[in-house]
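Residues per chain, in single letters:
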Amino acid sequence: MHKVKTIRLQIKVNGIVQGVGFRPFVSRLAIEFGLTGFVRNSQAGVEIEVEGGKNHVEDFANGLREKSPPLSEIIRIETSPLKILHSKQFEIISSSEEIGNQTLISPDAAICDDCLKEMFDPANRRYLYPFINCTNCGPRLTIIENIPYDRKYTTMNKFEMCEECSKEYHDPHDRRFHAQPNACPKCGPHVWYQHNDNSSTYEKESALIQTAKKLADGKIVAIKGLGGFHLAVDAYNDEAVKRLRERKRREEKPFAVMAQNVEMLNDLVYLCEEEKNLITSFARPILLLKKKNYNIAESVAPNNKRLGVMIAYTPLHHILLNEVQKHLKHFPPVLVMTSANFSEEPIEIANEGAREKLSEIADGFLFHNRDILIRTDDSVAVFVNNKQRIIRRSRGFVPRPFFIKKNGAAILGVGAELKNTICLLKDDQAFASQHIGDLTNYSAHQFFQETIAYQQKIIDRKAEYVGYDLHPDYLSTKWAKEENKLPSFGIQHHHAHMAACMGEHNLENDVIGIILDGTGYGIDNTIWGGEILLGSYTKVKRLAHLETIPLPGGDAAIREPWRIAVSYLHHAFDGKLPQFDFMKNTNTELILQMLDKKINSPLTSSAGRLFDAVSVICGGPEIIRYEAQAAIELMQKVEMMDVEPYSIDEDEIKQKFIPVKLLIKKIVEDLNNGTSSSTISARFHKTLAHLLINQTEQARAETNINDVVLSGGVFQNEILLELMESELQLKGFNVHSHSKIPTNDGGISFGQVMVVNELITNGMCQVEFVL
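Residues numbered from 1 in each chain as written. Predicted model: local features only at pLDDT ≥ 70, side-chain atom pairs only at ≥ 80, totals over all residues. Heavy atoms only, no water.

A.B. asks: Please explain the overall build of the protein chain as it appears in this structure.
C.D. replies: Along the protein chain, the regular secondary structure elements total 21 helices and 31 strands. For the protein chain, the C-alpha radius of gyration of 28 Å lies close to 28 Å, the compact-globule estimate for 771 residues. Overall, the C-alpha framework of the protein chain stretches about 95 × 65 × 50 Å when taken along its three principal axes. The buried share of the protein chain, reckoned over its 771 residues, is 61%. Across the protein chain, contacts joining residues at least 24 apart in sequence account for 72% of those joining residues at least 6 apart. In the structure as shown, the protein chain presents an accessible area of about 30,400 Å², 46% of it carried by carbon and sulfur atoms. Across the protein chain, 88 positive and 99 negative side-chain charges occur, with their mean positions spaced 3 Å apart. (Helix = DSSP H or I, 4+ residues; strand = E, 2+ residues; numbered from the N terminus. Rg over C-alpha atoms; globule rule 2.2 N^0.38 Å. Buried < 20%, exposed > 50% of the residue type's maximum accessible area, 1.4 Å probe, protein only. Contact = heavy atoms within 4.5 Å. Areas by Shrake-Rupley, 256 points an atom, 1.4 Å probe, with all protein chains shown as cover. Lys, Arg positive; Asp, Glu negative; His and termini not counted. Charge placed at Lys NZ, Arg CZ, Asp CG, Glu CD.)

Below, the structure is given as structure tokens:
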């Protein structure tokens, strides 16, 4: 009889393998194949030793990838033979304390179906318990103080498990085996509700009932969730929504709403299969969906064809929405759920801070005592051209890294001013942080610094180099140049956008970059934003750009786009302005004097400002209440794209300048002929795409480069993005646009890291930039 060869193998698994039920899975798999040995967490991930028949050990190793738990992600597996120890059983043992954190942390995950079923089962001991979780769901990043991911290193360490929870926690065959946030009503966190004036307090179940009653009564409630507080209000109550806007100082920017499940969205928005898959995934982002039978308050998302929607992702959300349904006259229950802060400030995470800072907004508070260690906003996504586009990358996605082709030093990218993120490179893994926000105030800057410290701690890598934006007034730039003591590299804003898209798609050769946004500091000390670049991570040429136009009042023209409309008209008509209604309410004469005398009117090639100007000329907002409002409303005017672009004489298309003068004239001519703003907007989008593609074709003819990357915040415009992608593809280009990394300034830090890594690899001190 043939004797079975026995072997012992050490297997090291790196990836997202802690806190996701990986060790119990390994134990079950080993027992299934009759193997002995052990598994334990390590700072490298998970370490396994298995002993048994050679074929069974090999089958076991293959099964690690094929059958791994839903929240896990295996990056690499290393194996090495060991001496046979004749072990008698397979065990799960305590974590090792070796040096060097190499494991990956799972993002926070939405409640799983098993926990949801248990929570609504009256016979279950966790019936209506708002902190139910298991290894397949629940908090991760937001409660972790250090790794390895063990309970003692989380904010759950102050809750001692009861006998029943402890039994589950230590049973390898239980779904809650080593689920670090494991708890129940007996031993875990709890909720309580307080009125704004502290007059009454409601504990546990009655707290959720009281919260639901207050929401049904039109009150604003601050609700502590997974990554911070939300401000909630009944989405059907127009008066309540307007009151929230007034108190939060958010006049017109759309709010997001939450429903309990995807079926409750059927009458509210349109959903394709891919959108359903994303909105119900463990990440559960806010998804921007096209409105259908819009029967909630108009003030939730005014002047917008899309609505930001998310599905309940915590047990608390599900219980609350279930309770709200009992008190509302409307069905289905839909709540506005917006970040609990004043506009442009970081989201609140602490009970004391919420009580202090939100008392001017909230009528009541739903608190809990599970501490949030790191604030994490809801992520935001949209589908454009049948492709997922992450607009804000935060809860549910962070801290999953992006894998790049080359190992690198520990490089910190500190991002830009708006939509700030930071990014830290560790070997071949780029860890982009959660959304930090706009670095325009002290609290945001403090959060920025906290995130830098936390990122280095949790990844166990101290930064060795820093990449920063060239804009001298950005707080991130000032931090890099004044407070940071490490070797630093200034990276031009639009080059960082291009590099971010190249990095997302692992492109190494030269590309043509079409980079469109609102503001970026150019190497000629002007404001760029409508750029066609050519090159790589280390060498770039500015091939072409939109005509430069004076920006009267500088940043004031961004907030008051009527100013830039006057500037474009002044340029197009050589100072002899046609009259428009918006001029009756504005000091046009002052702007004309500033333009003629060149007072406080820096030059800009910004595509974002071009959209603003056209929007105002077509009757859009003269003053904006949130970023890119004028451009968004111009896009929203488009009803159909079955129009012809404006004819631009080829002689007008110069080598370095993409002309806008004749374009503005054509728009004014259309308006004078009574053409609708919808048609004009469609023609404008098509014409701009035509002008950009014309320049791109010229670049290909001269260089034979066929790869094109599209990046910058203007590509959040779904009409322009669809036009550019489809038309460039028809002309044979390889087109690369963002999907996993935000195309807006949220992707800048990743681009900075990519550029600095290549500079260091090539022994260069700075990028070779040619105008």
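A.B. asks: When you look at unusual backbone geometry in this model, what are you seeing that I'm missing?
C.D. replies: Leaving glycine out, the prevailing phi sign among residues is negative, and the prevailing peptide bond configuration is trans. The amide bond that connects Phe-331 to the next residue, Pro-332, takes the cis arrangement and shows omega of 0 degrees. Relative to the elements of secondary structure, Pro-332 occurs in the loop between helix H8 (315-327) and strand S14 (335-339). In this structure, Pro-399 follows Val-398 across a cis peptide bond, with omega equal to 15 degrees. Mapped onto the fold, Pro-399 is located in the loop between strand S17 (387-392) and strand S18 (402-408). Positive phi is not limited to glycine here, since Asn-198 has a value of about 65 degrees. Assignment of secondary structure puts Asn-198 in the loop between strand S7 (191-195) and strand S8 (201-203). Judged by relative accessible area, which is 48%, Asn-198 ranks as partly exposed. The backbone phi angle of Lys-598 is positive, close to 55 degrees, even though this residue is not glycine. With respect to the helices, strands and loops of the structure, Lys-598 is situated in the loop between helix H15 (588-597) and strand S27 (603-604).

A.B. asks: Please explain helix H18 (residues 661-672) as it appears in this structure.
C.D. replies: The end-to-end C-alpha distance of H18 is 17 Å, a good match for the 16 Å that twelve residues give at a rise of 1.5 Å each. For H18, the full list of buried residues reads Leu-663, Ile-664, Ile-667, Val-668 and Asp-670. Each buried residue of H18 sits inside an arc of 155 degrees when the element is viewed along its axis, so together they form one side. Immediately beyond the C-terminal end of H18, within one or two residues, lies Gly-674, with a positive phi of roughly 85 degrees. (Expected span 1.5 Å × (residues − 1). Arc of directions from axis to C-beta.)

A.B. asks: Just checking my understanding: could you explain the side chain of Gln-629 for this structure?
C.D. replies: Tracing the chain through its elements places Gln-629 in helix H17 (residues 629-636). Separated by 2.6 Å, the side chain of Gln-629 and the backbone nitrogen of Arg-625 make a polar contact. Once you skip the residues sitting within four places of it in the chain, Gln-629 turns out to touch Glu-252, Pro-621, Ile-623 and Ile-624. (Polar contact = N/O pair within 3.5 Å; in protein donor to acceptor, adjacent residues only side chain to side chain.)

A.B. asks: I'm lost on the pattern of salt bridges in this one. Help?
C.D. replies: Here the idea is simple: oppositely charged side chains can pair when their charged atoms come close. Taken as a whole and assessed by the stated rule, the structure comprises 38 salt bridges. The partner of Lys-406 in a salt bridge is Glu-758, and the shortest N-O contact between them spans 3.3 Å. Highlighted residues: Lys-406 in strand S18 and Glu-758 in helix H21 (residues 748-761), separated in sequence by 352 residues. Assessed through its relative accessible area of 32%, Lys-406 is described here as partly exposed. Between Asp-427 and Arg-461 there is a salt bridge, with its nearest N and O atoms 3.7 Å apart. Here Arg-461 lies in the loop between helix H10 (442-459) and strand S21 (465-469) and Asp-427 lies in strand S20 (residues 423-432), a separation of 34 residues in the sequence. Given a relative accessible area of 30%, Asp-427 falls into the partly exposed group. What makes Arg-461 partly exposed here is its relative accessible area of 22%. Salt bridges here are not isolated pairs; linked through shared partners, they connect Arg-125, Arg-126, Glu-164, Glu-168 and Lys-186. (Salt bridge = Lys/Arg side-chain N within 4 Å of Asp/Glu carboxyl O.)

A.B. asks: Explain the sheet that holds strand S19 (residues 411-413) here, please?
C.D. replies: Backbone hydrogen bonds are what pair the strands of a sheet, in a parallel or an antiparallel way. As summarised here, the arrangement of the five strands in space is S18-S20-S19-S21-S22, forming an open sheet in which the pairing is mixed. Every other strand in the sheet has two partners, leaving S18 and strand S22 (488-491) as the edge strands with one partner each. Taking each pair of neighbouring strands and ignoring which way they run, the sheet shows an average axis angle of 30 degrees. Here S18 runs beside S20; their pairing, made up of three bridges, is antiparallel. The partner of Gly-408 across the bridge, within S20, is Asp-427. (Pairing = 2+ DSSP bridges. Axes fitted to C-alpha atoms, helices over the stretch in contact; angles between N-to-C directions.)

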